[in-house]
Amino acid sequence: MPDFDVLVIGGGVAGLRAAIAARQAGASVALISKVHPLRTNSAVAAGGLNAPLGIDDSLADYVRDIVEVADGLADVQIAQTFAAEARDEIIWLDRMGVPFNRDSKGKLALRAFGANSRKRSCYVDDRTGHAILQVVYEQFQRARIPAFFDCFVTSLTAGNGTSPAVTVLALRKGELELFGARAMILATGGFTQLYAPSTASLGTTGDGHTWAYLAGARLMDMEMVQFHPTVFPGGPGLLITEAALTGGAEIVDQDGNLLIQQKVLPREKLASAVFQAAQKSGRVLLDLRRLAEGQLNATLPQTCELVQAVAAIDPSKEPIPIHPAAHRAIGGIETDINGRTSVSGLFAAGECACNGLNGAGRLAGNALTEALISGRRAGEAAALYARSEHRREPARAQLADEERRLKSLVATEKVRGDSDTTLKLHTELAQLMDRNVGLARDASSLQSALDHISRLKERYGRIRLHNASLIYNSELTSYLELGSLLNIAELVTKAAQARTESRGAHCRTDFPQRNDSQWNRHTIVSRVDGAPYVGTRSVQA
Ligand SMILES: Cc1cc2nc3c(=O)[nH]c(=O)nc-3n(C[C@H](O)[C@H](O)[C@H](O)COP(=O)(O)OP(=O)(O)OC[C@H]3O[C@@H](n4cnc5c(N)ncnc54)[C@H](O)[C@@H]3O)c2cc1C
């Protein structure tokens, strides 16, 4: 059995950064990812990443913006630590060779982005995530860290006196193997493929959240799901970065009249404003022609290319229809500032983790910085933990159990003509979540979602797969991902049901006000007697 001090699951920005940090701290490390790092969700990040680098900016200003957007739920000390470390991560990226845009003096160019009150987002045109990944991946390779790509983790055991272990399906060989470690870092990204439409890449299915929950970890603020305000509705979640708005684009109606005057708003508020405008006037459009002369092609080249390819619209000639779409999980696996979860030996970083920084809303441009800082901190903490931890035998029965489970799933059976498929159920689930647990929810939509999810779970159990092989069996991996999504759907909906107020990304039409006396608290979902239980914990001042 391959065995390491630290095993990282996930090859996006958070996972790569965690692996490099753990290696630099002296640990033996390996990384597993179901896709190659350059195809992760991190690669599609567009607008930029934040640090208070401008001469008119300060740590205090940055913290104030984070706390304001978090709408009363930010853990302020976490925000202060995060803000203080942002600059060094960007300087590290710059030194390692990220080709950041520069101003006329050769300094890092800073762009206005979302509700940041200062220009503080460093960027590489509108291909920031891709450029960062190239460089972080290069550093990962230079550290000679063993990597297992196209390897799908199917289950995890942790806690209860065992060292963490995962079963890994090597897609190329079709073989299942057990990997153990003294410490494990989940950097498995978000879960917004739970919704349709969604801006997230296909594998963003909350796999890590599900294993953590099943292993006894606590999940925090799961009801907080961020919707992006400016997404082309007809395509596969084509997002037009909000940097376009701060650069001069306007949100208009069919006749070119301004629909939204105040466009520099927290993303949660802007998404809600676009949603309401769409309900009133039907079509909402983003007019990129209002950017300053030459700016469109100079700063948003990828957006121009994609809009032409996906929407068949030339943004220099006509406005683009937009609609809000699910974008990023704000809640996730509860951790401390060093990525420690409530299960010993298990750490989490990046989009799958939730340490209280973002509360009820996330500032645009903070996710990549967060992936870097939380990845580095989790890598260092996991290496330290591994050094002091005695190796305990992993539960070897896990491999045999999992082998039996996968074989039973792919065992060919005569499929009845009207049998459900994974795609059919996923589409139904994602539409249900968008309709009932989306930008606006109430008690009745949430209860009906829970009833529907429970029926979908029954139907899921009856799906039969056609492909009997374990080699690159995307029918099987999509089926496993849907299992995670069904689980997450229940957790998100139960947390949304519990929070009887509106705040940040959570809008209850039956409780439209923020209720500080009762709800200035994080929701915590944990598994009690095999079922989700929603509790709360206080916000750390
Ligand atoms: C269109 C778009 C634009 C964005 N723009 C910005 C922006 O301008 N600025 C910003 O700050 N943020 C932006 N974001 C958000 C940001 O990109 C993400 O929050 C961040 O990159 C997440 O990084 P991560 O490493 O946590 O996860 P990911 O990059 O999602 O990586 C997850 C990793 O986990 C692996 N994994 C998951 N499940 C399994 C499994 N079962 N087995 C094995 N491996 C598994 C995946 O293969 C992948 O390697 C944007 C997001 C999108 C979708």
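Residues numbered from 1 in each chain as written. Predicted model: local features only at pLDDT ≥ 70, side-chain atom pairs only at ≥ 80, totals over all residues.

### A few points about the overall build of the chain
- Counting its secondary structure elements, the chain contains 15 helices and 20 strands.
- Expected size for 541 residues packed as a compact globule is a radius of gyration near 24 Å; at 22 Å, the chain falls within 12% of this value.
- Across its three principal axes, the chain shows a C-alpha extent of roughly 65 × 55 × 50 Å.
- Put simply, the chain has 541 residues, and 55% of those count as buried. (Helix = DSSP H or I, 4+ residues; strand = E, 2+ residues; numbered from the N terminus. Rg over C-alpha atoms; globule rule 2.2 N^0.38 Å. Buried ≥ 20, exposed ≤ 12 C-beta atoms within 10 Å, placed from the backbone.)

### Some remarks on the environment of glutamine 24
- Turning to its location among the elements, glutamine 24 is positioned in helix α1 (residues 13–24).
- Note: C-alpha distance between glutamine 24 and alanine 143 (119 residues apart in sequence) is 8.2 Å.

### Let's talk about the nonpolar core
- Membership of the largest hydrophobic core comes to 165 residues, with the highest contact counts inside it found for Val6, Ile185 and Ala382.
- Per-element tally for this core: the top contributor is helix α14 (residues 474–498), with twelve residues.
- In contact with valine 6, other than residues within four places in its own chain, are Ala22, Ala27, Val29, Ala181, Ala183, Ile185, Ala382, Ala383 and Ala386. (Core = buried A, V, L, I, M, F, W, Y, C linked by C-beta atoms within 7 Å. Contact = placed C-beta atoms within 7 Å.)

### Let's talk about the domain arrangement of the chain
- Split by domain assignment, the chain resolves into domain 1 (3–223 + 327–388), domain 2 (230–325) and domain 3 (409–516).
- Between the C-alpha centres of domain 1 and domain 3 there is a distance of 25 Å.
- Counting from both sides, the interface comprises 28 residues of domain 1 and, opposite them, 29 residues of domain 3.
- Looking at the side of domain 1 that touches domain 3, the elements that each hand over two or more residues are β6 (151–159) and α5 (207–214). (Domains from an automatic or database assignment.)

### So, the site of the ligand
- Inspection of the region around the ligand gives 42 residues, with Gly10, Gly12, Asn41, Gly189 and Gly350 positioned closest.
- Breaking the shell around the ligand down by element, the ones donating at least two residues are α1, β2 (29–33), α4 (128–142), β6 and α10 (366–388).
- Ranked by residue count, the leading element in the shell around the ligand is α10, at four residues.
- A class-by-class count of the residues in the shell around the ligand yields 17 nonpolar, 21 polar and four charged. (Near = placed C-beta within 6 Å. Nonpolar A, V, L, I, M, F, W, Y, C, P; charged D, E, K, R; others polar.)

### Overview of unusual backbone geometry
- Here alanine 196 and proline 197 are connected by a cis peptide whose omega angle stands at 0°.
- With respect to the secondary-structure elements, proline 197 resides in the loop between β8 (175–186) and α5.
- For aspartate 71, which is not a glycine, the phi torsion comes out positive at approximately 55°.
- At aspartate 221, a position not held by glycine, the phi torsion is positive, near 50°.
- Secondary-structure assignment places aspartate 221 in the loop between β9 (219–220) and β10 (225–232).

### With respect to α5
- Taken across its eight residues, α5 has seven buried, putting it largely inside the fold.
- Among the residues of α5, Asp207, Gly208, His209, Thr210, Trp211, Ala212 and Tyr213 are the ones counted as buried.
- One or two positions beyond α5, positive phi appears at glycine 216, with a value near 105°.

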